Amino acid sequence: MRRAWIVFGMVLLAGGAARAQSAPPMDQAEQVRMLLERVQQLERRVMELEARQAPPQAATISAANGPAAQQLPVQQVAQAPVAAGPEPGQHQHEVQEQQTATVQQMETHFPSLQIRGFGDVDFSATDQKGTTSGFNLGQLDLHLASALSHKVSYFGEITFNAHPTDYTVEVERNIIRYDYNDYFKLSFGRYHTPIGYWNTAFHHGAWLQTTISRPEMVQFGGTFIPVHFVGFLAEGNIPSGGAGLSYNVGVGNGRGSIISRPGDAGDNNNNRAWVANIYSRPRALYGLQVGASVYRDKITLAGRNFREWISGAHIVWTKESPEFLAEFANVNHRAVLTNLSTNSQAFYVQLAYRLPWFERNVKPYYRFEYTHTPLSEQVFTNQDLIGSILGARYDISTYAAFKAEYRYTKHQIAEPYVNGAFFQTAFTF
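Residues numbered from 1 in each chain as written. Predicted model: local features only at pLDDT ≥ 70, side-chain atom pairs only at ≥ 80, totals over all residues. Heavy atoms only, no water.

Engineer: How do you make sense of unusual backbone geometry when you look at a structure like this?
Structural biologist: A negative phi angle characterises most non-glycine residues, just as the trans form characterises most peptide bonds. Geometrically, the link from Phe110 to Pro111 is a cis peptide bond, its omega value of -10° lying close to zero. Inspection of the secondary structure assignment puts Pro111 in the loop between α5 (92-106) and β1 (112-126). Backbone torsion omega between Ser321 and Pro322 reads 5°, so that peptide bond is classified as cis. Structurally, the position occupied by Pro322 is in the loop between β11 (304-318) and β12 (323-335). One non-glycine residue, Glu320, lies in positive phi territory at about 70°. For Glu359, which is not glycine, the phi dihedral falls at a positive 60°. Assignment of secondary structure puts Glu359 in the loop between β13 (341-352) and β14 (362-372). A relative accessible area of 74% means that Glu359 is categorised as exposed. (Helix = DSSP H or I, 4+ residues; strand = E, 2+ residues; numbered from the N terminus. Buried < 20%, exposed > 50% of the residue type's maximum accessible area, 1.4 Å probe, protein only.)

If you want it as structure tokens, here you go:
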């Protein structure tokens, strides 16, 4: 458009020059000056016309790149209202007021609540005696996140669980966090215990994980490790160059009177539990994580006290092609009265690979699990397990997946292996 106006201006100038040849003689320098002034006037006129005809999105995008919008999530910037174009006869100051209102709408407001949901529907069939096949409605999981200030945020996770006669509602996570900087963040509330990798990488939404179910050592409602923790947690990065070190350190109530649950309503003894986790994500090997965890607690069951010491390690590679997850944990229990000590071990190894065909929507996987509890174990019931899972995940869309598994497992030495087929549709919204 600018070039068209300039060409038009040059035509006018040429016409003026032709008329000047037939007019009385004029100083050549004066003619040049007048021509330059006419060119400058035309350029200014072109710029004014372009500014009026420019799409209002340009102003919005410019505002979105400003300091106020940099604090917004990408989704909020993308969904911010766009000012309408100027109507015929509308004054320039009215357009500016509309653009100013758009920028104000894009500014961060506190609190700012966002809700994300997960769900799944399952089908299972096994040859184990006493079981029936059929469909099951999985957890309806809601994630609630809200920024309370530039450094304080809230996160909550609530699940709705189906039972034969009713539904139960469970507060899985309830956290308020203060982000001082990348090296120190402090949280208070109920969170997933940072032992190993799976328990903090994959939460209650089944869509988040490759497989249908979690490994039994980190199963929700299980007892091998304390899945939930109530207290405070400090976390952050450790200045380490390319090593990419990070840490988690927490103190809280630990296990409750029912060891599968944390002490939500208070600890059942005067001994606090603590947990520490350190891991490395090397900069040169994107997708690799190696870490170690320790957990210490005092358990009180039916008037008897036990010292619990959990140590674990993990190594994962999460680049999809391939995906490799491996985790090991040892749980030591020592009776305070008799000093009898036992050790239980569990580990899993999972390998998956996203195929390059079918638009990379198919991801076959295999997992091997092993758990051993000694006969002298006084806190756990028998949790022995040896089993294999072979399955595939097909991503129906960006937000939904279909999974199919074959399981071959055995829990008791004297019992036969159990064959099972499992299917799941998992989604997020």
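Engineer: How do you make sense of the side chain of His333 when you look at a structure like this?
Structural biologist: By secondary structure assignment, the location of His333 is in strand β12. Of note is the side chain of His333, whose polar atom sits 2.8 Å from the side chain of Glu308. What His333 contacts, discounting residues up to four positions off in sequence, is Ile299, Arg307, Glu308, Leu340, Ser341, Thr342, Glu377, Val379 and Phe380. (Polar contact = N/O pair within 3.5 Å; in protein donor to acceptor, adjacent residues only side chain to side chain. Contact = heavy atoms within 4.5 Å.)

Engineer: Sorry, what's going on with the pattern of salt bridges here?
Structural biologist: Two side chains carrying opposite charge are able to pair once their charged atoms lie near each other. Applying the stated criterion across every chain yields a total of 17 salt bridges. In this structure, Arg190 and Glu170 form a salt bridge, with 3.6 Å as the shortest nitrogen-oxygen distance. With Arg190 in strand β6 (residues 184-192) and Glu170 in strand β5 (residues 167-181), this residue pair connects regions lying 20 residues apart in the sequence. Here Glu170 falls in the buried class, since its relative accessible area comes to 18%. Among the salt bridges present, the one from Arg177 reaches Glu235, with a minimum N-O distance of 3.7 Å. With Arg177 in strand β5 and Glu235 in strand β7 (residues 228-238), this pair connects stretches of sequence that are 58 residues apart. Several salt bridges share partner residues, and in doing so they unite Glu320, Glu323, Arg354, Lys363, Arg393 and Asp395 into one network. (Salt bridge = Lys/Arg side-chain N within 4 Å of Asp/Glu carboxyl O.)

Engineer: Just checking my understanding: could you explain the nonpolar core for this structure?
Structural biologist: One recurring pattern in soluble globular proteins: nonpolar side chains tend to sit buried together. Counting 29 residues, the largest nonpolar core has Met217, Phe224, Tyr295, Leu325 and Val379 as the members making the most contacts within it. Of all elements in the fold, only β7, β9 (273-280), β10 (288-301), β11, β12 and β13 reach the threshold of two or more residues within this core. The biggest single contributor to this core is β12, with four residues. Apart from residues lying up to four places away in sequence, Leu325 is in contact with Tyr197, Trp198, Phe202, Ile315, Val316, Thr318, Tyr348, Val349 and Gln350. (Core = buried A, V, L, I, M, F, W, Y, C linked by side-chain atoms within 4.5 Å.)

Engineer: Is there a simple way to think about the packing of aromatic side chains in this case?
Structural biologist: Pairs of aromatic rings are described using the distance from one ring centre to the other and the angle between the two planes. Per the stated rule, a full pass over the model turns up 17 aromatic pairs. Arranged with centres 5.7 Å apart and planes meeting at 90°, the rings of Trp198 and Tyr348 form a pair that is edge-to-face. Taken together, the residues Trp198 in helix α6 (residues 198-201) and Tyr348 in strand β13 connect sequence positions 150 residues apart. Residue class for Tyr348 comes out buried when judged on its relative accessible area of 1%. A cation over a ring is seen here: Arg214 above Phe220, with NZ or CZ 3.8 Å from the ring centre. (Phe/Tyr/Trp six-rings, centres within 6.5 Å; stacked < 30°, edge-to-face > 60°. Lys NZ or Arg CZ within 6 Å of the ring centre and 35° of its normal.)

Engineer: What is the right way to read the side chain of Thr159 from this model?
Structural biologist: Within the secondary structure, Thr159 sits in strand β4 (residues 152-162). Relative accessible area serves as the criterion here: at 0%, Thr159 is assigned to the buried category. Among the polar contacts made by the side chain of Thr159, one reaches the side chain of Asn161 at a distance of 3.3 Å. Within polar-contact distance, the side chain of Thr159 engages the side chain of Glu172 at 2.7 Å. The contacts of Thr159, once residues within four sequence positions are left out, are Gln139, Leu140, Asp141, Thr168, Val169, Glu170, Glu172 and His204.

Engineer: How should I be thinking about a nonpolar patch on the surface in this particular structure?
Structural biologist: A cluster of nonpolar side chains, Val121, Phe135, Leu137, Leu140, Tyr167, Phe427 and Phe429, forms an exposed patch at the surface whose accessible area comes to about 730 Å². When you line up the elements, Val121 lands in strand β1. (Patch = residues over 30% accessible without salt bridge, like charges linked within 9 Å, V, L, I, M, F, W, Y side chains within 5 Å. Areas by Shrake-Rupley, 256 points an atom, 1.4 Å probe, with all protein chains shown as cover.)

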